[in-house]
Amino acid sequence: MSAEERREGQWAPRNREWKLAHHLLPAFVMAGFLIGLGIWALVLQSLLFGVPLVAFGIGTVVSLFREFRLTPDARLPELSAVDTSSGLRASTRFAYRHNSAAFAAATVGLGVIGLVAALAAVGKFALWHAGFERFWTIAGAIVLGVAGFMILREGLRLLRIASAEQQPGVFLTRSRVVVFGPLGLAEMYWRDMGSISAENPRGRTPLGRRGPALVVLRGRDRTASDGPEDHGTTARKEVVVQVAYLLADPNVLHSALVHYLEHPADRPELGTTLALERLAGVR
């Protein structure tokens, strides 16, 4: 890998030890707000709202502590087999976070608590109250239900990863790039890849000054000339790497993707120690 490719760094190191990263500040504020609102609801003897709100706040705090428990040193790329659409392949793996089954199950349970509490609140209070009281009860139940649904959906994603034999991560093989994580499984052949870009979602900067939140692998435009199955249409496939999930250094991953896209002759070394040596700057 050239010196120019190695010098290009777009991502700052993630938060280290107990230093507060600014992108986590809203989570601390949200945790305090939820716990405070839940305690107020409990004081007013509204268990259906108080219990799930306190549970949501505690869940947010636990997630924050898990963020700070991450080792400050990025995981080095490693050799790993990956199950692709055409069978098992040797690869160079950039690790994703891997949650335990217990944590995933707890997240699912938290989402269920929110949904059950929302339904119970509507059934118990909406029919008893009238006017503005009924309106605020229904509005609160809807917010609680939406939050519970989102937490449940995330818990099911985490549970799917925790129960899979395949370790999550970004896998570079000789023929393709495979991404397996909370968003599911996606792959793209090198020959179909048109560009690689580091970017943020439109209108948002989730990681702030730490760097772009996404590494996007875009396929080249496909038209009828690429095959009869296109029927004259133009389509472009995308595979997205969520930087927040990476335990590996996103700068190294981005440089590796760019290098192997631009140098097809070097791809046969992927999945071997030669690739690790190149990524470590030995070669």
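The sections below set out a description of the structure shown in this document. If you're wondering where the values come from, they're calculated on a predicted model, not measured in any experiment.

Points about the pattern of salt bridges
Move 1: Evaluation of the coordinates by the stated rule reveals seven salt bridges.
Move 2: Between Arg 176 and Glu 187 there is a salt bridge, with its nearest N and O atoms 3.3 Å apart. Taken together, the positions of Arg 176 in strand β4 (residues 176–181) and Glu 187 in strand β5 (residues 184–189) put the pair 11 residues apart, joining distant regions of the chain. Across the pair, Glu 187 and Arg 176 agree in class, each one buried.

Some points on the pairing of β5
Move 1: The pairing of β4 with β5 spans six bridges and is classified as antiparallel. From the neighbouring strand, Val 178 faces β5, where its bridge partner is Glu 187.
Move 2: The turn linking β4 back onto β5 is made up of two residues.

Quick look at the packing of aromatic side chains
Move 1: Applying the stated rule across the entire model yields one aromatic pair.
Move 2: Relative to Tyr 245, the ring of Tyr 96 lies with its centre 5.7 Å away and its plane at 70°, an arrangement referred to as edge-to-face. Taken together, the positions of Tyr 96 in the loop between β2 (87–95) and α4 (101–126) and Tyr 245 in the loop between β8 (238–242) and α6 (250–262) put the pair 149 residues apart, joining distant regions of the chain.
Move 3: Since its relative accessible area comes to 3%, Tyr 96 is described here as buried.

Some remarks on the side chain of Ser 255
Move 1: Counting through the fold element by element, Ser 255 comes out in helix α6.
Move 2: A distance of 3.0 Å separates a polar side-chain atom of Ser 255 from the backbone oxygen of Asn 251.

With respect to the environment of Phe 171
Move 1: By secondary structure assignment, the location of Phe 171 is in strand β3 (residues 169–172).
Move 2: Phe 171 sits 80 residues away from Ser 91 along the chain, and the two C-alpha atoms are 5.7 Å apart.
Move 3: In contact with Phe 171, other than residues within four places in its own chain, are Ser 80, Ala 81, Val 82, Ser 91, Thr 92, Arg 93, Gln 166, Arg 176, Val 177, Val 178 and Phe 180.

A few points about the pairing of β2
Move 1: Pairing geometry for strand β1 (residues 78–84) and β2, over seven bridges, is antiparallel. Within β2, the position partnered with Glu 78 by the bridge is Arg 93.
Move 2: Connecting the antiparallel pair β1 and β2 is a turn made up of two residues.

Description of the sheet that holds β5
Move 1: Overall, antiparallel pairing links the five strands, which are arranged β1-β2-β3-β4-β5 in an open sheet. Of all strands in the sheet, those bounded by a partner on one side alone are β1 and β5. Going from strand to strand, the sheet's axes swing by 30° on average, the running direction of each strand aside.
Move 2: Docked against the sheet, α6 engages β2, β3 and β4, running at close to 25° with respect to β3.

Some thoughts on the sheet that holds strand β6 (residues 193–199)
Move 1: Taken in spatial order, the three strands line up as β6-β7-β8 in an open sheet, and their pairing is antiparallel. Each of the sheet's edge strands pairs with one partner strand only, and the pair in question is β6 and β8. Across this sheet, the average inter-strand angle for adjacent strands is 15°, counted without regard to direction.
Move 2: With five bridges connecting them, strand β7 (residues 214–219) and β8 associate as antiparallel partners. From the neighbouring strand, Leu 214 faces β8, where its bridge partner is Gln 242.
Move 3: Strands β6, β7 and β8 of the sheet are contacted by α6, whose axis makes an angle of about 160° with β6.

A short note on α6
Move 1: Spanning 13 residues, α6 covers 18 Å between terminal C-alpha atoms, matching the ideal 18 Å at 1.5 Å per step.
Move 2: Among the 13 residues that make up α6, 12 are buried, leaving the element largely enclosed by the rest of the structure.
Move 3: Of all the residues in α6, the buried ones are Pro 250, Asn 251, Val 252, Leu 253, His 254, Ser 255, Ala 256, Leu 257, Val 258, His 259, Tyr 260 and Leu 261.
Move 4: Of the residues flanking the start of α6, the one acting as N-cap is Asp 249, its side-chain oxygen 2.9 Å from the backbone nitrogen of Asn 251.

Quick notes on the rules
- Residues numbered from 1 in each chain as written.
- Predicted model: local features only at pLDDT ≥ 70, side-chain atom pairs only at ≥ 80, totals over all residues.
- Heavy atoms only, no water.
- Salt bridge = Lys/Arg side-chain N within 4 Å of Asp/Glu carboxyl O.
- Helix = DSSP H or I, 4+ residues; strand = E, 2+ residues; numbered from the N terminus.
- Buried < 20%, exposed > 50% of the residue type's maximum accessible area, 1.4 Å probe, protein only.
- Pairing = 2+ DSSP bridges.
- Phe/Tyr/Trp six-rings, centres within 6.5 Å; stacked < 30°, edge-to-face > 60°.
- Polar contact = N/O pair within 3.5 Å; in protein donor to acceptor, adjacent residues only side chain to side chain.
- Contact = heavy atoms within 4.5 Å.
- Axes fitted to C-alpha atoms, helices over the stretch in contact; angles between N-to-C directions.
- Expected span 1.5 Å × (residues − 1).

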